[in-house]
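Chain by chain, the residues run as shown.
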Amino acid sequence: MVRTHQPGESAFRSILPEEIEWKPFPAFPPSARLAVLVGEPSKPGPYMIRVKLPAGEKLMPHKHPEDRIYTVMSGVFYIGLGDKFDGDKVKAYPPGSVVVLPGDTAHFHWAKSGEYVTQVSAIGPLGLDYLDPGDDPRQQNRPRSAPSGN
């Protein structure tokens, strides 16, 4: 039986830290960055990404349809569960920690003590839906319709 490889996994390769391409991601605040390491997150199939959030930045309550496994690479990852941001509900995860987040679980992040980097493994497509549309940077960049003159 011939087995096909997953996207980005058909040949041996490596990614050194200095080769990682950090880019803005429309669903994140402008200062946050995302790097695609393996796979194609917008399509069905496994993917691996890294997320970098600078000191003090917050990702307001949101959900992902896919199950996710987070590995804390650097800094301290603060995550809380629930549909309202509550700084008292975040728990700190130091480098090396692994966090399993089932799909459709409302949660929020905070770079409370400084920048953090997490690595996320999941089966795509990647989804991110904010519970309050007003928290979604994708909505804030859209032109607003003019009020009617009637």
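J.: Give a detailed account of unusual backbone geometry, specifying residues and quantitative values.
T.: A cis amide bond, omega 15°, links Gly124 with the succeeding residue Pro125. Within the fold, Pro125 resides in the loop between β9 (116-124) and β10 (129-130). For Asp104, which is not glycine, the phi dihedral falls at a positive 65°. Along the chain, Asp104 turns up in the loop between β7 (98-101) and β8 (107-110).

J.: Describe in detail the nonpolar core, supporting the description with residues and values.
T.: The biggest cluster of nonpolar side chains holds 21 residues, and the ones touching the most others in it are Phe28, Ile49, Val51, Leu53, Tyr70 and Phe77. If you list the elements that add at least two residues to this core, you get β2 (45-53), β4 (68-74), β5 (77-81), β7 and β9. Of all the elements, β2 adds the most residues to this core, at 4 residues. Setting aside anything within four residues of it in sequence, one finds Ile49 in contact with Leu34, Ala35, Val36, Leu37, Pro41, Arg68, Thr118, Gln119, Val120 and Leu126.

J.: Describe the packing of aromatic side chains, naming the residues involved and giving the relevant values.
T.: Aromatic rings in a pair are described by how distant their centres are and how their planes are angled relative to each other. Throughout the structure, instances matching the rule amount to 5 aromatic pairs. Their ring planes at 70° and their centres at 5.0 Å tell us that Phe77 and Tyr116 sit as a pair that is edge-to-face. Taken together, the residues span a long stretch of sequence, with Phe77 in strand β5 and Tyr116 in strand β9 at a distance of 39 residues. Residue class for Tyr116 comes out buried when judged on its relative accessible area of 1%. Three or more aromatic residues joined by ring pairs form one cluster here, namely Tyr70, Phe77 and Tyr116. Here the guanidinium or amino end of Lys58 rests over the ring plane of Trp110, the centre of that ring lying 5.0 Å away.

The rules behind the values
Residues numbered from 1 in each chain as written. Predicted model: local features only at pLDDT ≥ 70, side-chain atom pairs only at ≥ 80, totals over all residues. Heavy atoms only, no water. Helix = DSSP H or I, 4+ residues; strand = E, 2+ residues; numbered from the N terminus. Core = buried A, V, L, I, M, F, W, Y, C linked by side-chain atoms within 4.5 Å. Buried < 20%, exposed > 50% of the residue type's maximum accessible area, 1.4 Å probe, protein only. Contact = heavy atoms within 4.5 Å. Phe/Tyr/Trp six-rings, centres within 6.5 Å; stacked < 30°, edge-to-face > 60°. Lys NZ or Arg CZ within 6 Å of the ring centre and 35° of its normal.

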